[in-house]
Amino acid sequence: MQLPRPRGPVSAAVVGAVRGGPFDATATTATTTAATLSGADVQLALWTAYELGYRGFDDADADAERDLRVLAWRKHAEDLLEQDLRARTATMVAEAREAGRTVGERIAALVREAPGAPLTRLLQKHATREQFQAYLADRSVYHLKETDPQVRVLGWIDGPAKVAHAELLYDEYGGGRPERLHSHLFAEAMRAAGLDATYGAHVDTVGAATLLSNNVMGLFGSQRRLRGAALGHLAAFEATSTDPCRRIAAGAERVGFPAAVAAYFHEHVEADAVHEQVVLGDICGAAVAADPAIEDDVLLGAAACLVVDAEAARALHDLLVAEDARSTPVLRVVGDERAAS
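Residues numbered from 1 in each chain as written. Predicted model: local features only at pLDDT ≥ 70, side-chain atom pairs only at ≥ 80, totals over all residues. Heavy atoms only, no water.

### Notes on the overall build of the protein
Item 1. Along the protein, the regular secondary structure elements total 15 helices and zero strands.
Item 2. For 341 residues, the compact-globule estimate of 2.2 N^0.38 gives 20 Å, and the C-alpha radius of gyration of the protein, at 19 Å, lies within 12% of that figure.
Item 3. Expressed along its principal axes, the backbone C-alpha trace of the protein runs to roughly 50 × 50 × 40 Å.
Item 4. Counting the 341 residues in the protein, one finds 54% classified as buried.
Item 5. Restricting to contacts in the protein with at least 6 residues of sequence separation, those with at least 24 account for 81%. (Helix = DSSP H or I, 4+ residues; strand = E, 2+ residues; numbered from the N terminus. Rg over C-alpha atoms; globule rule 2.2 N^0.38 Å. Buried < 20%, exposed > 50% of the residue type's maximum accessible area, 1.4 Å probe, protein only. Contact = heavy atoms within 4.5 Å.)

### Thoughts on helix H6 (residues 118-125)
Item 1. All of the buried residues along H6 are Leu 119, Thr 120, Leu 122 and Leu 123. Down the axis, H6 shows its buried residues gathered within 155 degrees of arc, on one side only.
Item 2. In this structure, the buried residues of H6 make contact with helix H7 (129-143), helix H13 (242-254) and helix H15 (295-321). (Arc of directions from axis to C-beta.)

### Digging into the pattern of salt bridges
Item 1. One pass over the structure, following the stated rule, counts 21 salt bridges.
Item 2. Between Asp 84 and Arg 88 there is a salt bridge, with the nearest N and O atoms lying 3.5 Å from each other. Of this pair, Asp 84 and Arg 88 both sit in helix H4 (residues 68-97), four residues apart, which is roughly one turn of that helix.
Item 3. Arg 88 gets classed as partly exposed once you look at its relative accessible area, which sits at 32%.
Item 4. Across the pair Arg 106 and Glu 295 runs a salt bridge whose closest N-O atoms are separated by 2.5 Å. Taken together, the positions of Arg 106 in helix H5 (residues 103-112) and Glu 295 in helix H15 put the pair 189 residues apart, joining distant regions of the chain.
Item 5. Here Glu 295 falls in the buried class, since its relative accessible area comes to 10%.
Item 6. Shared partners join several salt bridges into a network, and the residues in it are Glu 82, Arg 86, Arg 225 and Asp 297. (Salt bridge = Lys/Arg side-chain N within 4 Å of Asp/Glu carboxyl O.)

### Re the nonpolar core
Item 1. By size, the foremost hydrophobic cluster in this structure holds 104 residues, and its most contacted members are Trp 73, Ile 107, Leu 136, Phe 220 and Phe 265.
Item 2. With 13 residues, the single largest contributor to this core is helix H14 (residues 259-290).
Item 3. With residues up to four places along the chain from it excluded, the contact list for Leu 136 reads Phe 186, Met 190, Ala 193, Leu 195, Val 261 and Phe 265. (Core = buried A, V, L, I, M, F, W, Y, C linked by side-chain atoms within 4.5 Å.)

### Quick word on the side chain of Ser 183
Item 1. Its place among the elements puts Ser 183 in helix H10 (residues 182-192).
Item 2. Residues within four places of Ser 183 in sequence aside, it is in contact with His 143, Leu 144, Lys 145 and Glu 146.

### Here's the deal with the environment of Ala 137
Item 1. Looking at where Ala 137 falls in the secondary structure, it is placed in helix H7.
Item 2. Accessibility expressed as a relative area gives 1% for Ala 137, which makes it buried.
Item 3. Along the sequence, Ala 137 and Thr 205 sit 68 residues apart, while their C-alpha atoms lie 8.2 Å from each other.

### A closer look at the packing of H7 against H10
Item 1. Across the interface, H7 lies against H10 with an axial gap of 10 Å and an inter-helix angle of 160 degrees. Taken as axis vectors, H7 and H10 run roughly antiparallel relative to one another. As for the relative orientation of H7 and H10, their crossing is left-handed in sense. Contact with H7, carried on its side by Leu 136, Ala 137, Arg 139, Ser 140 and His 143, involves Ser 183, Phe 186 and Met 190 of H10 and no other residues of that element.
Item 2. For the contact of H7 with H10, the residue count by class is four nonpolar, three polar and one charged. (Axes fitted to C-alpha atoms, helices over the stretch in contact; angles between N-to-C directions. Parallel < 35°, antiparallel > 145°, perpendicular 65-115°, else oblique. Left-handed = near helix turned anticlockwise from the far one by under 90°. Nonpolar A, V, L, I, M, F, W, Y, C, P; charged D, E, K, R; others polar.)

### Description of the packing of aromatic side chains
Item 1. All told, the structure shown has six aromatic pairs when counted by the stated rule.
Item 2. Taking the centre distance of 5.6 Å and the plane angle of 75 degrees together, the rings of Phe 132 and Phe 257 count as edge-to-face. With Phe 132 in helix H7 and Phe 257 in the loop between H13 and H14, this pair connects stretches of sequence that are 125 residues apart.
Item 3. Ring geometry for Tyr 142 and Phe 237: centres 5.6 Å apart, planes at 65 degrees, overall edge-to-face. You can see Tyr 142 sitting in helix H7 and its partner Phe 237 sitting in helix H12 (residues 227-239), a full 95 residues away along the chain.
Item 4. Taken together, Phe 132, Tyr 135 and Phe 257 form an aromatic cluster joined through their ring pairs. (Phe/Tyr/Trp six-rings, centres within 6.5 Å; stacked < 30°, edge-to-face > 60°.)

### Quick look at the packing of H7 against H15
Item 1. Orientation of H7 relative to H15, taken along the N-to-C sense of each, is 150 degrees, at an axis distance of 10 Å. On the basis of the axis angle, H7 is roughly antiparallel to H15. Judged by the twist between their axes, the crossing of H7 over H15 is right-handed. Only Ala 313, Leu 316, Leu 320 and Val 321 of H15 make contact with H7, whose side of the interface consists of Gln 131, Ala 134, Tyr 135, Asp 138 and Arg 139.
Item 2. Along the lines of polarity and charge, the residues of the contact of H7 with H15 split into six nonpolar, one polar and two charged.

### Focus: the confidence of the model for the protein
Item 1. Averaged over the protein, the pLDDT score is 91; the fraction of residues at 70 or greater is 94%.
Item 2. By mean pLDDT, the top-scoring element of the protein is helix H3 (residues 40-51) (98), and the lowest-scoring one is H14 (88). (pLDDT = per-residue confidence, 0-100.)

What follows is the structure, encoded as structure tokens:
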């Protein structure tokens, strides 16, 4: 994967530093503020910094992952993001604490109050093939490395929660069968839909809300002190997957895509119905029982997932239904080297 095209001064500075160039940390930090945090420029820069810890970039400096200049800037951006998420979800967390006796019941209460799903209903009933392709391209930023952000927390928990989390991860990673890796299944779905399934191929086409959705997972999965938030995020993610995946699978079949497209989503209808129960009780419940101090962060992670992912879905929905989006290339397809600006 090549480094992404910058979208402003912050991402230009971070991408340049990752390539081994100079980096004005003072100016870049000053430009990264609460007011600019949600924009594509800062979110792309943060995504780039996190991606160094996953597959990396072919055109990055060999030691970029340990570049103290970028790490110092990343800490500043992470602090702003964490403050923003805590402020935005404070009421939800407080209400959830009064909604049940166990952490699983409290997460379930958060999920019940989550916004509707106009995007998946659009895909189910009305989306064109091109709109469906745009959805798959947008989601590829996460699903081509599906579950990787949740792996790190395994080393931060112990006992029954660790065992249950390891079992869930084993399932996500194909149950010992490489061809059943969920990331591989998503790549197969993309290829069947006529899309470029190369890792990172569509990063330059996605919006700020999608980058933020990915970066929230990066934030929670990068620090041991936020292990509770990482678990809560996973719980909300799994608990809101089954019905949307059923709708998306129906939409893929409606527009006539090959079976591999719907197959990815059918897999998650079955798997995530089980995973929801495992993560609510066996993982989050056991982790909080072992360390009650993390419960508020578990609820923070669940609430943040619901809020941020709903915003990302709404942003993509609005893009797909906008008149000008119907005639503008928004993705890279197989055999087409263009990427939308």
